[in-house]
Amino acid sequence: MELKNRHALVTGASSGIGAATVLALHEAGAVVAAGARRTDRLGGDLNLTLDVTDESSIRAAVAAAVAEFGRLDLLVNAAGIMPLGPVLGADVTTWRQCLDTNLLGMMLVTHAALPHLVEAGAADIVTVSSIGGRETYPGAAAYHASKFGLYGFSESLRKELTGDGVRVSVVEPGYTETELFGSIGDAGLQAGIEGVLAGQRNLDPADVAAAVLHIVSRPPHVVVNNLQIRPSVQA
Ligand code: NDP
């Protein structure tokens, strides 16, 4: 029970990587608050309605977790969407949704949780970014902007908090079998990605959750600030 006495909040907990992380943290002994909009799909010790594009929803979820647990020392930011399509002629409302969810959502959840994480004395913030936070593919400009942004925000925050007991980490997965690809929007790009996924052994959400577990179970003098994990067949 490596994570006994840890109290966690996981966003994007209703499916995929977030849901697997809730399970992994729980199995390792942590008490876990799970947040998402589809609360019927949550499997945490505490299940919370959470829309990361809505500041009042974020504040209410963090307050509810702290009220229930008395403390918060682990935040996993896993909420995300992946609308894709060319910049030329793009419906820019999809850009706003992408940035609001993937980047600003993570920043606002982190902002709301941070006083409690600092107060805990020793805590972790783990954000699920993507290999697409370091490398780019055509047709994914807004998604890459959101994921590159996560890295900049997280690394600056890590340096800001160095010595304060709050470790800041970014996990960058490659192709993982989840529902994410249902949010692509562009039929051609969706078919292309689904073709790639169908032709190879991808990561399971549990593989990424195991990486999160590895990060948060390091001894206090170690921070894994960045961890890339990809299918062994993905270049
Ligand atoms: P899923 O679609 O399976 O899960 C996405 C999660 O995000 C759901 O729980 C969903 O919950 C939540 N979410 C979406 N919008 C909001 C919102 N506005 N407020 C709160 N929660 C929201 O996809 P993944 O598990 O794959 O995605 C998790 C993260 O992993 C994402 O950030 C994604 O970019 C990243 N990632 C995924 C990869 C992959 O290949 N699958 C590769 C690299 C990174 P609900 O709809 O119930 O609110």
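Small disclaimer: the values here were computed from a predicted structure and weren't measured. (Residues numbered from 1 in each chain as written. Predicted model: local features only at pLDDT ≥ 70, side-chain atom pairs only at ≥ 80, totals over all residues. Heavy atoms only, no water.)

1. A word on the packing of aromatic side chains
Considering all chains together, one arrives at one aromatic pair under this definition. With 6.4 Å between their ring centres and 45° between their planes, tyrosine 175 and phenylalanine 181 make a pair best called tilted. Residue tyrosine 175 is classed as partly exposed on the basis of its relative accessible area of 21%. Residue class for phenylalanine 181 comes out buried when judged on its relative accessible area of 8%. The ring centre of tyrosine 151 lies 3.8 Å from the NZ or CZ of arginine 134, which sits over that ring. (Phe/Tyr/Trp six-rings, centres within 6.5 Å; stacked < 30°, edge-to-face > 60°. Buried < 20%, exposed > 50% of the residue type's maximum accessible area, 1.4 Å probe, protein only. Lys NZ or Arg CZ within 6 Å of the ring centre and 35° of its normal.)

2. Section: the confidence of the model for the protein
Averaged over every residue, the pLDDT of the protein is 97; residues scoring 70 or more account for 100%. Scored as a complex, the prediction yields pTM 0.98 and ipTM 0.99. (pLDDT = per-residue confidence, 0-100.)

3. Quick word on the packing of helix α2 (residues 55-69) against helix α3 (residues 92-120)
Angle between the axes and distance between the axes: these two values describe a pair of packed helices. Close contact between α2 and α3 brings their axes to 10 Å; oriented N to C, the two are set at 35°. Along this stretch, α2 crosses α3, giving a crossing that reads as right-handed. Contact with α2, carried on its side by Glu55, Ile58, Val62 and Val66, involves Gly105, Leu108, Val109, Ala112, Ala113 and His116 of α3 and no other residues of that element. (Axes fitted to C-alpha atoms, helices over the stretch in contact; angles between N-to-C directions. Helix = DSSP H or I, 4+ residues; strand = E, 2+ residues; numbered from the N terminus. Left-handed = near helix turned anticlockwise from the far one by under 90°. Contact = heavy atoms within 4.5 Å.)

4. So, helix α1 (residues 16-27)
Helix length check: α1, at 12 residues, gives a terminal C-alpha distance of 17 Å against a target of 16 Å (1.5 Å per residue), a fit within 8%. When α1 is considered as a whole, its buried residues turn out to be Gly16, Ile17, Gly18, Ala20, Thr21, Val22, Ala24 and Leu25. In this structure, the buried side of α1 is in contact with β1 (7-11), β2 (31-36), β4 (74-77), β5 (123-128), β6 (166-173) and α6 (205-216). Looking one or two places after α1, you find glycine 29, whose phi comes out positive at around 105°. (Expected span 1.5 Å × (residues − 1).)

5. Describing the packing of α3 against helix α4 (residues 141-161)
Two numbers describe how α3 lies on α4: the axes approach to 8 Å, and their chain directions differ by 15°. The angle between the axes of α3 and α4 places the two elements in the roughly parallel class. In terms of crossing hand, the pair formed by α3 and α4 is right-handed. Taken together, the residues of α4 that come into contact with α3 (itself represented by Trp95, Cys98, Leu99, Asn102, Leu103, Met106, Met107, Thr110 and Leu114) are Ala142, Tyr143, Ser146, Lys147, Gly149, Leu150, Phe153, Ser154, Leu157 and Leu161. Across the contact of α3 with α4, the residue classes break down as 13 nonpolar, five polar and one charged. (Parallel < 35°, antiparallel > 145°, perpendicular 65-115°, else oblique. Nonpolar A, V, L, I, M, F, W, Y, C, P; charged D, E, K, R; others polar.)

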